[in-house]
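# A structural walkthrough
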Amino acid sequence: MALLDPNFQYHLHTTVDKLGKYVILPGDPGRVAKIAQLLDEPEHIATNREYVTYTGSLDGVRVSVCSTGIGGPSAAIAVEELVRCGCHTFIRIGTSGGMNLKVTGGDLVVATAAIRGDGTSAEYLTPDYPAVADFDVVTALAQSAAALSSDEEGNRYHTGVVQSKDSFYGEIEPQAMPESARLLNRWEAYVKSGCLASEMEAATLFAVALVRGVRAGAVLTALWNVERSKAGLPDKVCKSNERAIACAVGAIRKLIAGEKR
């Protein structure tokens, strides 16, 4: 038997008939069951490696939740196999570190595009091609985020560019890296360019979606903002991803409603 069976996905352990066309993508496998409880009649589909998959429904339409693990390579595998199962709309839910001073811990960040500091997107796009989110998905996420937000620190939302990278500790402790000068210089350039936050999967997700002709977006919780701390500004640490989850679910409802019209 060939390694890749078109009827059974090698990594996800899923089949076409078990999935919805809309998929929520948390990184953490531990979040999948929690998110799935917001769907109607959620059913556990499969667990293999970092991939946990559930399927339920929203407003009568099947919706799946699938974890991607940490970083671009595992996220690309998940999206590739989900696309092979006919899925067409993807929303990443994740966490991030704020970069722009207007972003505080607890704020939501809706990514319109991602700086391609990852390695995986280079397998999909040429160096000068941007990793951008789908306009309709971004619009639905922004509308959903607005309904969940207020004008106070830790409860706002922002739309704009995020940075995706492969090394968590390259961001947290760049001075400890042999490439510290390059990492610090690039970070400073991104901050000066208005980048909102740093995370690890959006660029890959957007790149795969662009190449495969499907829709993708991302909503991130800012856990904290190191730039605010460096500037002596108040910045709380947020450990809850509840608002981002609600934002993604609300956005999918909007996209489903638009498709029904």
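Residues numbered from 1 in each chain as written. Predicted model: local features only at pLDDT ≥ 70, side-chain atom pairs only at ≥ 80, totals over all residues. Heavy atoms only, no water.

## Brief notes about the nonpolar core
Core analysis: the largest hydrophobic core is formed by 63 residues, its most contacted members being Leu82, Phe90, Ile91, Phe206 and Val219. The element contributing the most residues to this core is helix H8 (residues 242-260), with nine residues. Ignoring sequence-local partners within four residues, the contact set of Val219 consists of Ile91, Arg92, Ile93, Gly94, Leu108, Val109, Val110, Leu141, Ala244, Cys247 and Ala248. (Core = buried A, V, L, I, M, F, W, Y, C linked by side-chain atoms within 4.5 Å. Buried < 20%, exposed > 50% of the residue type's maximum accessible area, 1.4 Å probe, protein only. Helix = DSSP H or I, 4+ residues; strand = E, 2+ residues; numbered from the N terminus. Contact = heavy atoms within 4.5 Å.)

## Looking at the packing of helix H3 (residues 135-147) against H8
Two numbers describe how H3 lies on H8: the axes approach to 8 Å, and their chain directions differ by 125°. One element, H3, and the other, H8, form an angle in the oblique class. As for how H3 packs across H8, the hand of that crossing is right-handed. Contact residues: H3 offers Asp136, Val137, Ala140, Leu141, Gln143, Ser144 and Ala145, while H8 offers Ala246, Cys247, Ala248, Gly250, Ala251, Lys254 and Leu255. Looking at side-chain class alone, the contact of H3 with H8 contains nine nonpolar, three polar and two charged residues. (Axes fitted to C-alpha atoms, helices over the stretch in contact; angles between N-to-C directions. Parallel < 35°, antiparallel > 145°, perpendicular 65-115°, else oblique. Left-handed = near helix turned anticlockwise from the far one by under 90°. Nonpolar A, V, L, I, M, F, W, Y, C, P; charged D, E, K, R; others polar.)

## Considering the packing of helix H2 (residues 72-84) against helix H6 (residues 202-212)
Relative placement of two packed helices is described by the angle separating their axes and the distance separating the axes. Put simply, H2 and H6 touch, their axes get as near as 9 Å, and they point 30° apart. Considering the angle they form, H2 stands roughly parallel to H6. H6 is crossed by H2, and the crossing has right-handed handedness. Here Gly72, Ala76, Val79, Glu80 and Val83 of H2 lie close against H6, whose contacting residues are Thr204, Leu205, Val208 and Arg212. In the contact of H2 with H6, the residues fall into five nonpolar, two polar and two charged.

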